[in-house]
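The chain contents come next:
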Amino acid sequence: MHRKAVRYVTRTTSAAAGAVATAATSVAAAALAASIILSPVADASARMDGVSEDLLRAVQLNQITEEQAVKFEARLAGRILGGA
């Protein structure tokens, strides 16, 4: 009988710890989402500066070619700066 009690306590403690970890993850995700939603929208030129930096970094890491970066940046510039 004693072993069953120990197993029960161990299982319920593990389950509770898992539930707390899941809840903490959910709270963190909700906080991140709220910070993104409530943050001010960057102006178009600031957004394009960020796009340029990200694409430059991707080229440096050999994730994309320079030609791909130029084409993608031009396409995004049309959408961001053109308002489409």
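Details of the structure are given in the entry above.
Residues numbered from 1 in each chain as written. Predicted model: local features only at pLDDT ≥ 70, side-chain atom pairs only at ≥ 80, totals over all residues. Heavy atoms only, no water.

**A word on helix α3 (residues 66-82)**
And then number 1: The end-to-end C-alpha separation of α3 is 23 Å, in line with the 24 Å expected for 17 residues at 1.5 Å each.
And then number 2: Turning to α3, its buried residues are A69, L76, A77 and I80.
And then number 3: For α3, the elements touching its buried residues are α2 (44-60). (Helix = DSSP H or I, 4+ residues; strand = E, 2+ residues; numbered from the N terminus. Expected span 1.5 Å × (residues − 1). Buried < 20%, exposed > 50% of the residue type's maximum accessible area, 1.4 Å probe, protein only. Contact = heavy atoms within 4.5 Å.)

**Points about the pattern of salt bridges**
And then number 1: Within the structure shown, the criterion is met by one salt bridge.
And then number 2: The shortest N-O distance in the salt bridge between E67 and K71 comes to 3.6 Å. Of this pair, E67 and K71 both sit in helix α3, four residues apart, roughly one helical turn. Both residues of the pair, E67 and K71, belong to the exposed class. (Salt bridge = Lys/Arg side-chain N within 4 Å of Asp/Glu carboxyl O.)

In short, shape yes, function no, at least from these values alone.
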